[in-house]
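Single-letter residue listing:
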Amino acid sequence: MIKVKLKLIKNLKINVNKPFNLKVLNFLKDFSQEIKKDKVSYKYPNLVYLMLWCSKNNIKKIKDSFHDHEFRLGRGLVFHICPNNVPVNFIYSFFLGLLSGNSNIVKVPSKDFVEKKIIIKSLNKVFLKKKYLCLKKSNFFIEYDHRADPEKTKIVSSSSDARIIWGGDETINQIKKIWTPERCIDLCFSDRYSLSVLNSNKLKNIKKEKLNIIIKKFFYDSYTMNQMACNSPHFVFWVGSMDKKIKDYFWKKLSLIAKEKFRFDEIHVMDKFSNLVENVIDKPIFKKVKMYKNRLYVLDVKKDHLNIENIRGVNGTFFQKNLKNLNFLAKYVNKKCQTITYFGFDEKNFKSLLTKNNLLGADRIVKIGDGLNFDVNWDGYDTIRILSRIVTL
């Protein structure tokens, strides 16, 4: 890992470029190839997502979609304050700063994730290449607990031109109180919740092979990050006339996929059961709980309960409701809703849902299977434009 003592940060050489600088694009491509060389990476779906995201073809696709006729440069130094409970978040955040043309100081998670070790190992190998010496000198990675040692956050913040802050509402509000230079901007990614909507009528009319593919995609959206990511679904809404057989098949098949592909260790089981007990005791809103051993818990929620933002599962715990039509979904979407994954609807259905109901939430609406796909447009923010500045010539 590129460990840096804070007193050495003064040696960081600020290097700004235009967004999508060629050297940066090549750096991401080489990083993706380095991750691929480590065979252990393929055991972790979030690393597979990562290597695909920073591949040459995907980055080119992102670059080509960035239509901008302004002359832009990075803002300077971006400080990334990343969460401890998500192993790969910090690298995506770093890439946002890098693609925007900035130098970066990245706080990596202090937990000892295998994914973190593989990412840092791959970064170090790419930084060793002579052609990336300027990037090595202008990007630092540090590790500390920002709650236990806020002084470090203050030191780096005092030199920042922008900060990307990931975390819960309380964490973000505390960090926002820390002094920064007057022109420093904060891009905050706060606590959000996500959900899935399934068109029951469409599910009845598809072949079992296609239904199995949808369930498998739902598994990856949900279990890959142990439901800890903001874009992992917790709630499932069945829209239309419900066939109990379809619903039962969906959950049973999901439990079998989880048995095969999800590694349940003791901590997963304990966290999952504790979460279930807390939900049942603290929120007396459930009318039925079905347990597929430790692999999957499914809880039916009472019809009259509308506020779902704080009902969260972990390691395969889902809450479900039936809705007559998609328009009823509006009652469950507030500002904290981030991602809606779906099957059986059209884009126009969701445009109508958002505009007719004046909804302020749901920044991402994507097909099931695309829930964890990261994008430079995140939480409703165009990060490349926000993290760069326009120079008027």
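Model, not experiment: these values are computed from the prediction.

Draft legend 1. Highlighting the overall build of the protein chain. If you tally the helices and strands in the protein chain, you get 14 helices and 16 strands. Dimensions of the protein chain, computed from C-alpha atoms along their principal axes, come out at roughly 65 × 45 × 40 Å. Expressed as a percentage of the 393 residues in the protein chain, the buried residues total 53%. For the protein chain, long-range pairs separated by at least 24 residues make up 75% of all intrachain contacts whose partners lie at least 6 apart in sequence. Summed over its atoms, the accessible surface of the protein chain is roughly 19,200 Å², and 52% of this surface lies on carbon and sulfur atoms. Taking the 74 positively charged and 38 negatively charged side chains of the protein chain as two groups, their mean positions are separated by 5 Å.

Draft legend 2. Region of the structure containing the sheet that holds strand 7 (residues 193–199). Here seven strands make up an open sheet; going across it, the order is 9-10-11-8-7-12-13 and the pairing mixed. Each having just a single partner strand, strand 9 (286–292) and strand 13 (364–367) make up the two edges of the open sheet. Within the sheet, the average angular offset between the axes of one strand and its neighbour, ignoring direction, is 25 degrees. Two strands pair when backbone bridges link them, and strand 7 and strand 12 (residues 337–343) are joined in this way by five bridges, in the parallel orientation.

Draft legend 3. Here's a closer look at the nonpolar core. In terms of nonpolar packing, the biggest core is built from 53 residues, with F27, W53, I91 and F95 touching the most fellow members. Considering each element in turn, this core owes the most residues, eight residues, to helix 4 (residues 89–99). By size, the runner-up hydrophobic cluster in this structure holds 29 residues, among which are V301, I311, F319 and Y342.

Draft legend 4. Examining the pairing of strand 3 (residues 103–108) more closely. Counting buried positions over the six residues of strand 3 gives six, a clear majority of the element. Here strand 3 shows no split at all, with S103, I105 and K107 on one side and N104, V106 and V108 on the other all buried. Following the backbone out of strand 2 (residues 77–81), through helix 4 and into the adjacent parallel strand 3, one traces a crossover that is right-handed. Judged from the five bridges that link them, strand 3 and strand 4 (residues 139–143) form a sheet pairing that is parallel. Within strand 4, the position partnered with N104 by the bridge is N139.

Draft legend 5. Inspection of the sheet that holds strand 6 (residues 185–189) at higher detail. Taken together, the five strands give an open sheet; going across it, the order is 4-3-2-5-6, and neighbouring strands pair in parallel fashion. Of all the strands in the sheet, just strand 4 and strand 6 have a single pairing partner and so form its edges. Here the average twist between neighbouring strands, direction ignored, is 15 degrees. Contacts from helix 4 reach strand 2, strand 3, strand 4 and strand 5 (162–166) within the one sheet, and its direction differs from that of strand 3 by about 170 degrees. Of the strands in this sheet, strand 2, strand 5 and strand 6 touch helix 8 (residues 169–176), which is tilted by about 155 degrees from strand 5.

Draft legend 6. Structural detail: the packing of helix 4 against helix 5 (residues 114–127). For the pair helix 4 and helix 5, interaxial distance at closest approach is 10 Å and the crossing angle is 35 degrees. Only K116, I119, I120, L123 and F127 of helix 5 make contact with helix 4, whose side of the interface consists of F90, I91 and F94. Here the residues of the contact of helix 4 with helix 5 sort into seven nonpolar, no polar and one charged.

Draft legend 7. The packing of helix 2 (residues 45–53) against helix 4, seen in detail. It is at 12 Å that the axes of helix 2 and helix 4 come closest, and there the two elements cross at 15 degrees. It follows that helix 2 is roughly parallel to helix 4 by the angle criterion. Both helix 2 and helix 4 take part in a crossing whose hand is left-handed. Of helix 4, the residues touching helix 2 (which contributes N46, Y49, L50 and W53) are I91, Y92, F95 and L99. Looking at side-chain class alone, the contact of helix 2 with helix 4 contains seven nonpolar, one polar and no charged residues.

Draft legend 8. Highlighting the packing of aromatic side chains. In total, this model carries 30 aromatic pairs according to the counting rule given. Measuring from centroid to centroid gives 5.4 Å for F20 and F66, while their planes differ by 50 degrees, and the two rings are tilted. One end of the pair, F20, is in the segment before helix 1 (22–37); the other, F66, is in the loop between helix 3 (56–65) and strand 1 (72–74), and 46 residues separate them in sequence. Residue F66 is classed as buried on the basis of its relative accessible area of 17%. Between W238 and W251 the ring centres are 6.2 Å apart and the planes differ by 80 degrees, which places this aromatic pair in the edge-to-face class. With W238 in strand 8 (residues 233–239) and W251 in helix 11 (residues 244–261), this residue pair connects regions lying 13 residues apart in the sequence. The exposure class assigned to W251 is buried, which follows from its relative accessible area of 1%. Within the aromatic cluster, the residues linked to one another by ring pairs are F218, F219, Y220, Y223, W238, F250, W251, F262 and F318. Above the plane of the ring of Y144 lies K107, whose end atom (NZ or CZ) is 5.8 Å from the centre. When the ring centre of Y297 is taken as origin, the NZ or CZ atom of K272, which lies over that ring, is 4.9 Å away.

Draft legend 9. Representation of the pattern of salt bridges in the model. Throughout the structure, instances matching the rule amount to 21 salt bridges. A salt bridge links E143 to K116; its shortest N-O distance comes to 3.2 Å. Of this pair, E143 sits in strand 4 while K116 sits in helix 5; the two residues are 27 residues apart in sequence, bridging distant segments of the chain. A relative accessible area of 6% places K116 in the buried class. Close ionic contact of K351 with E347 constitutes a salt bridge, the shortest N to O distance being 3.0 Å. Of the two residues, K351 and E347 both sit in helix 13 (residues 347–356), four residues apart, roughly one turn of that helix. E347 shares its class with K351; the two are exposed.

Rules behind the numbers
Residues numbered from 1 in each chain as written. Predicted model: local features only at pLDDT ≥ 70, side-chain atom pairs only at ≥ 80, totals over all residues. Heavy atoms only, no water. Helix = DSSP H or I, 4+ residues; strand = E, 2+ residues; numbered from the N terminus. Buried < 20%, exposed > 50% of the residue type's maximum accessible area, 1.4 Å probe, protein only. Contact = heavy atoms within 4.5 Å. Areas by Shrake-Rupley, 256 points an atom, 1.4 Å probe, with all protein chains shown as cover. Lys, Arg positive; Asp, Glu negative; His and termini not counted. Charge placed at Lys NZ, Arg CZ, Asp CG, Glu CD. Pairing = 2+ DSSP bridges. Axes fitted to C-alpha atoms, helices over the stretch in contact; angles between N-to-C directions. Core = buried A, V, L, I, M, F, W, Y, C linked by side-chain atoms within 4.5 Å. Right-handed = clockwise from strand over helix to strand, strands pointing away. Nonpolar A, V, L, I, M, F, W, Y, C, P; charged D, E, K, R; others polar. Parallel < 35°, antiparallel > 145°, perpendicular 65-115°, else oblique. Left-handed = near helix turned anticlockwise from the far one by under 90°. Phe/Tyr/Trp six-rings, centres within 6.5 Å; stacked < 30°, edge-to-face > 60°. Lys NZ or Arg CZ within 6 Å of the ring centre and 35° of its normal. Salt bridge = Lys/Arg side-chain N within 4 Å of Asp/Glu carboxyl O.

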